[in-house]
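Secondary and tertiary structure notes
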Amino acid sequence: MIINESEIKEDTKTDYLTYKEELIKNWKWSWDWSSLENIWHITNLKVHCPKCDTPMYETSFYDSNLSCPRCSHKTNSRQCGDSDNIKRIIIDNIDRKRN
Ligand SMILES: [Zn+2]
């Protein structure tokens, strides 16, 4: 889930850092990039409410329930995917676009 900045070509670098949302497994995900010692990391990974597009928040760490602050739509994070897996898919998407 990390990319070495030195491996990113200058001409593709802008594209890559503006890539901040994607529809993965029918759920919309958004994230930010943060740089630490020249390595870019995905941070603030959020899944969006399928009804109103508002980022949902975790109501309970233990049972992984997610709730929408705007419309109170509820789901379980098992429905939308493990965040570590989602990060791997995002990185893989970037790799594919660069080739
Ligand atoms: Zn909602």
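Residues numbered from 1 in each chain as written. Predicted model: local features only at pLDDT ≥ 70, side-chain atom pairs only at ≥ 80, totals over all residues. Heavy atoms only, no water.

What follows is about the coordination of the zinc ion. Distances from the zinc ion to its protein donors, namely C49 (SG), C52 (SG), C68 (SG) and C71 (SG), fall within the range 2.2 to 2.3 Å. Counting gaps between the donor residues of the zinc ion yields the pattern C-x2-C-x15-C-x2-C. (Donors = N, O, S within 2.8 Å, 3.2 Å for Na, K, Ca; no water.)

Considering all chains together, one arrives at four salt bridges under this definition. A salt bridge links K28 to D53, with the nearest nitrogen and oxygen atoms 3.1 Å apart. Highlighted residues: K28 in strand β3 (residues 27–36) and D53 in the loop between β4 (39–47) and β5 (57–60), separated in sequence by 25 residues. For D53, a relative accessible area of 38% gives the class partly exposed. Counted as one network, the salt bridges with shared partners bring together E21, K28 and D53. (Salt bridge = Lys/Arg side-chain N within 4 Å of Asp/Glu carboxyl O. Helix = DSSP H or I, 4+ residues; strand = E, 2+ residues; numbered from the N terminus. Buried < 20%, exposed > 50% of the residue type's maximum accessible area, 1.4 Å probe, protein only.)

Time to look at the packing of aromatic side chains. Scanning the model with the defined rule gives two aromatic pairs in all. With a centroid separation of 4.8 Å and 55° between ring planes, the pair formed by Y16 and W33 is classed as tilted. Pair noted here: Y16 is in helix α1 (residues 10–18) and W33 is in strand β3, with a separation of 17 residues, a long-range link. On the basis of relative accessible area, Y16 is assigned to the buried category, the value being 4%. A relative accessible area of 12% places W33 in the buried class. One Lys or Arg, K97, reaches over the ring of Y19 and ends 4.1 Å from the middle of that ring. (Phe/Tyr/Trp six-rings, centres within 6.5 Å; stacked < 30°, edge-to-face > 60°. Lys NZ or Arg CZ within 6 Å of the ring centre and 35° of its normal.)

Each pocket or cavity is described by its volume, and for the largest pocket that value is around 260 Å³. Contributing elements (two or more residues each) for the lining of the largest pocket: β4, β5 and α2 (77–80). Among the residues forming the lining of the largest pocket, the class breakdown is seven nonpolar, four polar and four charged. (1 Å grid on protein atoms, 1.4 Å probe; cavity = no way out; pocket = protein on both sides within 12 Å on 5 of 7 lines; lining within 4 Å. Points joined across faces, edges and corners; volume = space filled by probe spheres on them. Nonpolar A, V, L, I, M, F, W, Y, C, P; charged D, E, K, R; others polar.)

Now for unusual backbone geometry. Most of the time, phi is negative for any residue but glycine, and the peptide bond is trans. Backbone geometry at N26 places phi at a positive 70°, although glycine is not the residue there. On the secondary structure map, N26 appears in the loop between β2 (21–24) and β3. Look at N26 and you get exposed, because its relative accessible area is 71%. One non-glycine residue with positive phi stands out, namely S72, at about 65°. Topologically, S72 is positioned in the loop between β6 (65–67) and β7 (74–76). A residue is classified by how much of its surface remains accessible, and S72, at 46% relative accessible area, is partly exposed.

Turning our eyes to something else, we now look at the nonpolar core. Counting residues in each nonpolar core, the largest one holds 20 residues, and the members touching the most others are W29, W31, W33 and I90. Mapped onto this core, the elements with two or more residues apiece are β3, β4 and α3 (83–98). Apart from the residues lying within four places of it in its own chain, the contact partners of W33 are Y16, L17, Y19, K20, W40, H41, I42, T43, I91 and I94. (Core = buried A, V, L, I, M, F, W, Y, C linked by side-chain atoms within 4.5 Å. Contact = heavy atoms within 4.5 Å.)

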